[in-house]
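Chain by chain, the residues:
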Amino acid sequence: MNTFRDLCNDRSAWIDFVLSKTALIIASVILISASYQLAQDLGGQHMEQELDVIALGLKYAIDDVGSLSYTGNEGHTYTFDRVDLGWEQPIKAYVSSEYVRIEALHQERPIHSVVPMTFRMLPFNESTLRNLLSINFAGQNGSMQEPLNSDCDQVMGTLAQTGSWEILLNTSKTVCMKKTPIYIQNNSEVSSLDLILVYQ
């Protein structure tokens, strides 16, 4: 009984008691915050992996078209089948001649997956391609009937400049892909340059 009374009257004991409890509360808050942040980071990492899967899916579909031999006007399609996985907003898909980029929001922070292209690709349809060539190469559209009187480097430079613009795809619609040749005449020799067109 005296010990309890002594403890109650001992100010240093109470200070130690309050400080130790405060330290426990602070440590608990830090641990809970760290656990929450870890869960958020793991969630973001999982979403990044999902975006990688979507980006690679589109890239592989384009690669499949690129690896085929040219078969006339035959087209191929691709549909996004993993676009609603609980993100804050629908994912966005972008293509350019250099890469595929998939973007989503996680905790109001954008997450990206960027995959470089393997084949020469342009993010527009064939009529846009032919019009572009016709404007830049004195009315020649690069078809077999109207080959471009130019060298390959100049043609690729023109296409690379235009194709580097990023195009937003609608992930709820089908993506069309087509392999098409551009014919280039250098003196008496005619060669072809295969391109993959990606458009909606």
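Report follows, based on the coordinates. None of these values were measured; they are calculated from a predicted model.

## Brief notes about the overall build of the protein chain
When you go through the protein chain residue by residue, the secondary structure sums to 4 helices and 9 strands. When the helices and strands of the protein chain are listed from N to C terminus, the series reads α-α-β-β-β-β-β-α-β-α-β-β-β. The 200 residues of the protein chain split such that 36% are buried. Sequence-distant contacts, at least 24 apart, represent 62% of the contacts inside the protein chain between residues at least 6 apart. Accessible area for the protein chain stands at about 12,200 Å²; split by element, carbon and sulfur atoms hold 55% of it.

## Looking at the side chain of serine 97
Here serine 97 is to be found in the loop between strand S2 (92–95) and strand S3 (99–106). Looking at serine 97, the relative accessible area reads 16%, which means it is buried.

## Re the sheet that holds S2
Ordered by their spatial adjacency, 4 strands build an open sheet running S4-S3-S2-S7, and the pairing between neighbours is antiparallel. Of all strands in the sheet, those bounded by a partner on one side alone are strand S4 (109–116) and strand S7 (167–169). The average undirected angle you get between the axes of adjacent strands in this sheet is 25 degrees.

## A closer look at helix H3 (residues 126–136)
Of the positions making up H3, those classed as buried are Glu126, Leu129, Arg130, Leu132 and Leu133. Relative to the axis of H3, the buried residues are bounded by an arc of 160 degrees and lie together on one face. On the buried face of H3, the contacting elements are strand S5 (121–122), strand S6 (148–149), helix H4 (152–163), strand S8 (175–186) and strand S9 (189–199). Count one or two residues on from H3 and you reach alanine 138, which has phi positive near 50 degrees.

What counts, and at which threshold
- Residues numbered from 1 in each chain as written.
- Predicted model: local features only at pLDDT ≥ 70, side-chain atom pairs only at ≥ 80, totals over all residues.
- Heavy atoms only, no water.
- Helix = DSSP H or I, 4+ residues; strand = E, 2+ residues; numbered from the N terminus.
- Buried < 20%, exposed > 50% of the residue type's maximum accessible area, 1.4 Å probe, protein only.
- Contact = heavy atoms within 4.5 Å.
- Areas by Shrake-Rupley, 256 points an atom, 1.4 Å probe, with all protein chains shown as cover.
- Pairing = 2+ DSSP bridges.
- Axes fitted to C-alpha atoms, helices over the stretch in contact; angles between N-to-C directions.
- Arc of directions from axis to C-beta.

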